Amino acid sequence: MTGIKINATVWLRAMFRRELDLRPPSLAKINENSVVIYDSHSIPIGHATRINRWGGYEINSLVVDPNHRGGGISHKLLEKCGTGRLFAYTRDIRLKSALEKAGFERAISPGLLCSLNVLLSRLAMVSWMILSLEFERIIHQLKHIRDYKLYVRE
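Keep in mind that what you see is a predicted model, and the values were worked out from it rather than measured.

Caption draft 1: Representation of the overall build of the chain within the structure. Of regular secondary structure, the chain possesses five helices and six strands. The secondary structure elements of the chain, listed N-terminal to C-terminal, are α-β-β-β-α-β-α-β-α-α-β. Over its C-alpha atoms the chain spans a radius of gyration of 15 Å, differing by no more than 12% from the 15 Å that the globule rule assigns to 154 residues. Along the first, second and third principal axes, the C-alpha atoms of the chain reach 45 × 35 × 25 Å. Counting only contacts in the chain whose residues sit at least 6 apart along the sequence, the fraction spanning at least 24 positions is 65%. Split by element, the accessible area of the chain, about 8900 Å² in all, is 58% carbon and sulfur. Each charge sign in the chain was given a centre, from 23 positive and 14 negative side chains, and these centres are 2 Å apart.

Here's what the structure looks like:
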């Protein structure tokens, strides 16, 4: 099991490096908040992280290996994220479609407590990106900040 976990973390870091919309690779980890889908050879092909945000769970990263996109992996990841109040911010058209098919709807705010929690976590992440010299990622995310849309499923 340890071998798979290490391979999943290495894979996740590689995916985060490729996708500037996601967290920095140095923050990639597999833990109790992670949902990982493996192929028939025990190689990771999809990952989502579900974080408690005081009144809802944020899916704050969802990534599918480019070689497996279009095969319903994002739908399976969303399904495995469970029930209850979930929300996600995205600007990716494919993820928007998967969220809508999973019953998520566009919203303005996830609620006061969730918004405060998200704000604090984003400030901490930006601070980490500055400390780890992730300027390309910061510039990319700031450039597209207005394009991120919130989707909520009650």
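Caption draft 2: Region of the structure containing the packing of aromatic side chains. All told, the structure shown has one aromatic pair when counted by the stated rule. Relative to Y89, the ring of F87 has its centre 6.3 Å away and its plane inclined at 90°; by these criteria the two rings are edge-to-face. For F87, a relative accessible area of 0% puts it in the buried group. When the ring centre of Y57 is taken as reference, the NZ or CZ atom of R50 above it lies at 3.8 Å. Here the guanidinium or amino end of R106 rests over the ring plane of Y151, the centre of that ring lying 5.9 Å away.

Caption draft 3: Examining helix 3 (residues 93-101) more closely. For helix 3, the full list of buried residues reads L95, K96, A98 and L99. The arc enclosing the buried residues of helix 3, seen along the axis, measures out at 165°, which places them on a common side. Exposed residues lying more than 90 degrees from the buried face of helix 3 are I93 and K101. Packed against the buried residues of helix 3 are strand 3 (57-64), helix 2 (73-80), strand 4 (86-90) and strand 6 (149-153). G103 occupies a position one or two residues after helix 3 and carries a positive phi of about 95°.

Caption draft 4: A look at the pairing of strand 2 (residues 44-52). Counted residue by residue, strand 2 has seven buried out of nine residues, so it is predominantly covered. Pairing of strand 1 (residues 34-38) with strand 2, which is carried by five bridges, proceeds in the antiparallel orientation. Bridging from a neighbouring strand, I37 pairs with G46 of strand 2. Taking the residues that link successive antiparallel strands as the turn, the strand 1-strand 2 hairpin has five residues, and the phi of S42 there is positive, at about 65°.

Caption draft 5: Here's a closer look at the environment of I73. Mapped onto the secondary structure, I73 falls in helix 2. Judged by relative accessible area, which is 8%, I73 ranks as buried. Dropping the residues within four chain positions of it, I73 is found in contact with I37, I45, G46, V64 and H68.

Caption draft 6: Spatial organisation of the state of the cysteines. This model, assessed by the stated rule, comprises zero disulfides. Summary of cysteine pairing: C81 is not part of a disulfide, and the nearest cysteine sulfur, belonging to C114, is at 15 Å.

Caption draft 7: Quick look at the side chain of N117. Checked against the element boundaries, N117 lands in helix 4 (residues 112-131). Accessibility expressed as a relative area gives 11% for N117, which makes it buried. Setting aside residues up to four positions removed in sequence, N117 forms contacts with N52, R53 and W54.

What counts as what
Residues numbered from 1 in each chain as written. Predicted model: local features only at pLDDT ≥ 70, side-chain atom pairs only at ≥ 80, totals over all residues. Heavy atoms only, no water. Helix = DSSP H or I, 4+ residues; strand = E, 2+ residues; numbered from the N terminus. Rg over C-alpha atoms; globule rule 2.2 N^0.38 Å. Contact = heavy atoms within 4.5 Å. Areas by Shrake-Rupley, 256 points an atom, 1.4 Å probe, with all protein chains shown as cover. Lys, Arg positive; Asp, Glu negative; His and termini not counted. Charge placed at Lys NZ, Arg CZ, Asp CG, Glu CD. Phe/Tyr/Trp six-rings, centres within 6.5 Å; stacked < 30°, edge-to-face > 60°. Buried < 20%, exposed > 50% of the residue type's maximum accessible area, 1.4 Å probe, protein only. Lys NZ or Arg CZ within 6 Å of the ring centre and 35° of its normal. Arc of directions from axis to C-beta. Pairing = 2+ DSSP bridges. Disulfide = S-S within 2.5 Å.

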